[in-house]
Amino acid sequence: MPPAFPFVTPHSRRTFIRNGLALGSLGTGARLLRSQAHAASPSDAFRPVAYLCQNAVKAGLVPGMVAAVGHQGQVVWRGVFGQSALLPAPAPMLWSTQFDMASLTKVLVTAPAVMQLQERGLVNLDTPAWRYLPGFEAQGKQAITLRLLLTHYSGLPPDLPLDTPWQGREQAIGLVMDTRPTTTPGERFVYSDINYIVLGLIVERLSGLPLSAYAKRHIFAPLSLRHTTFLPRPEAAPTIAPTQYDENGHMLQGVVHDQTARRMGGVAGHAGLFSCAQDMILYAQAMLDKRAGLQSFFPLQTRTLRLMSTPQQPPGKTDLRGLGWDIATHYSTPRGDYFPKTSFGHTGFTGTSLWAIPDTRSFVLILSNRVHPRGGQSIVALRHDIATAAALALRDTTASSLPFLQNSHTDLSQK
């Protein structure tokens, strides 16, 4: 089990307050503590990270959370905070708690599945998607390529309509085919779940497997992810952090929170995945190792991972997206203040996020069920602040391998 992290006191570390700090914005006057000296012990250097997590629970931003920081193939800090459930009955948060990963499904499953097909020569990223999914060309979608879907430059609207009582996978496919772009394909970045629903359908059509079965065979199994799945078994529900009450007043626990994915039967290219911290660490470390050209069981080639995590949006566009991964858009706040522009990551609506720094094979993982029990609050600022504190802690413990932090002596009390 992870070590306990006591509340930080400023007896040996300098305090600072950053405008807009997640907890400060709630009026709690929360302060991070930053060492002035390098080579601090890990338990000391990461106390500000633990402090933010503890106070997020105290302030009611999240019922609980599990977090971890990795660096150079090692987990250098991890923590477990609060409760996994408040209602209908309280339950403690555990390191082994599983979470609804929400939109992390896009980058953990659907994007790598498409890229596996690309490596096999079954798809070309710049070929119109309707070539692989006949019927998709309707309503002005002929020019939408796989690359535009992967980078969210397709022009499609954010989601399928939920104001009508459609139900089931086949009705969802019909709605996808009938969707009309709201902007010219390639014109601007519009984050859209429909993009990844389409990509998931293409994976299923070309592989002959349901997306859940494809992911289990070609992604989870090679990485030995034993607690990562779509459609968790009913008996596994007590090990899963619940999200919120659905439209019928039932607490969702082990049932996907995203309403579109739920209407589609729980498996979709944009949402539906469940996982835990240990599996996500295995995934992140294997991905970063393979991307660096090191020995790894990650089921993609090094050049493919570098392609996925570098800008692939249309030329001249300033919203930078990889093939799945976010790089520099208004969604990039989980980078914090100090991680470099070469870093990449993604978030999930339920309160999950993963941000990776390829130069040092570092990552920040945050898993929470922030929507529990009745919709929750935003943790955008909290993610940012945890990443900022983690970057400073990595500087203090491993300064020689973090050149992008070597000269960061900014007095944060002035920010």
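That block above? That's the structure.
Let me begin by describing the structure that accompanies this report. Every chain is numbered independently, its residues counted from 1 as its sequence is written. Under the rules for a predicted model, residues below a pLDDT of 70 receive no local features and side-chain atom pairs below 80 are neither given nor counted, while totals for whole chains, interfaces and linings still include all residues. As a convention, hydrogens and water are excluded, and side-chain values are obtained from all of the structure's heavy atoms.

1. A few points about the overall build of the protein
Piece 1. Each helix and strand counted, the protein has 11 helices and 13 strands in total.
Piece 2. Three exposure classes are used, based on accessible area relative to the maximum for each residue type with a 1.4 Å probe and protein chains only: buried under 20%, partly exposed in between, and exposed over 50%. Scored against the burial criterion, the 415 residues of the protein give a buried share of 59%.
Piece 3. Whether two residues are in contact is decided by their heavy atoms: any pair within 4.5 Å suffices. Within the protein, contacts between residues at least 6 apart in sequence are counted, and of these 65% link residues at least 24 apart. Here a strand is any run of E in DSSP of at least two residues, a helix any run of H or I of at least four, and the numbering for each starts at the N terminus.

2. So, the pairing of strand S3 (residues 64-71)
Piece 1. With eight of its eight residues buried, S3 lies for the most part within the structure.
Piece 2. Burial of the side chains of S3 extends over both faces: Gly64, Val66, Ala68 and Gly70 are buried on one face and Met65, Ala67, Val69 and His71 on the other.
Piece 3. Inspection of the sheet shows S3 paired to strand S4 (residues 74-85) by eight bridges, in the antiparallel sense. Its bridge partner being in S4, methionine 65 is matched across the sheet by phenylalanine 81.
Piece 4. Following DSSP output, two strands are said to pair if at least two bridges run between them. What sits between S3 and S4 in their antiparallel hairpin is a turn of two residues, with glutamine 72 showing a positive phi close to 50°.
Piece 5. Two strands pair when backbone bridges link them, and S3 and strand S13 (residues 362-368) are joined in this way by six bridges, in the antiparallel orientation. Residue pairing for S13: valine 66 is matched across the bridge by leucine 367.

3. Some words on the nonpolar core
Piece 1. As used in this record, nonpolar core signifies buried Ala, Val, Leu, Ile, Met, Phe, Trp, Tyr and Cys residues forming a set joined through side-chain atoms within 4.5 Å. Counting 78 residues, the largest nonpolar core has Leu108, Phe136, Leu146, Leu150 and Tyr283 as its most contacted members.
Piece 2. Among the elements that line this core, the one with the most residues is helix H3 (residues 104-119), at nine residues.

4. Remarks on the environment of leucine 223
Piece 1. As for its placement among the helices and strands, leucine 223 is situated in helix H7 (residues 211-223).
Piece 2. Note: C-alpha distance between leucine 223 and alanine 286 (63 residues apart in sequence) is 7.7 Å.
Piece 3. Beyond its immediate sequence surroundings of up to four residues, leucine 223 is in contact with Leu282, Tyr283, Ala286, Phe297, Phe298 and Pro299.

5. Some remarks on helix H9 (residues 277-291)
Piece 1. Taking 1.5 Å of rise per residue, 15 residues should cover 21 Å, and H9 covers 21 Å from first to last C-alpha, within 8% of that figure.
Piece 2. Positive backbone phi, at 85°, marks glycine 293, one or two positions downstream of H9. Between the first and last residue of a helix there are one fewer steps than residues, each counted as 1.5 Å, and that sum is the expected span.

6. Things to note about the environment of glycine 272
Piece 1. Within the secondary structure, glycine 272 is located in the loop between helix H8 (259-263) and strand S8 (273-276).
Piece 2. Glycine 272 sits in the buried class, given a relative accessible area of 0%.
Piece 3. Separated by 167 residues in sequence, glycine 272 and threonine 105 have C-alpha atoms that sit 6.7 Å apart.
Piece 4. The residues touching glycine 272, leaving out its near neighbours within four places in the chain, are Ala102, Thr105, Thr229, Phe230, Leu231, Val256 and Gly266.

7. Quick word on the sheet that holds strand S7 (residues 229-230)
Piece 1. Strand order in the open sheet formed by three strands is S6-S8-S7, with antiparallel pairing between adjacent strands. At either end of the open sheet lies a strand with only one pairing partner, and these are strand S6 (98-100) and S7.
Piece 2. In the sheet, S6 pairs with S8 via three bridges, with the strands oriented antiparallel. Directly across from phenylalanine 99, in S8, lies its bridge partner serine 275.

These results come straight from atomic positions and should not be treated as a statement about function.
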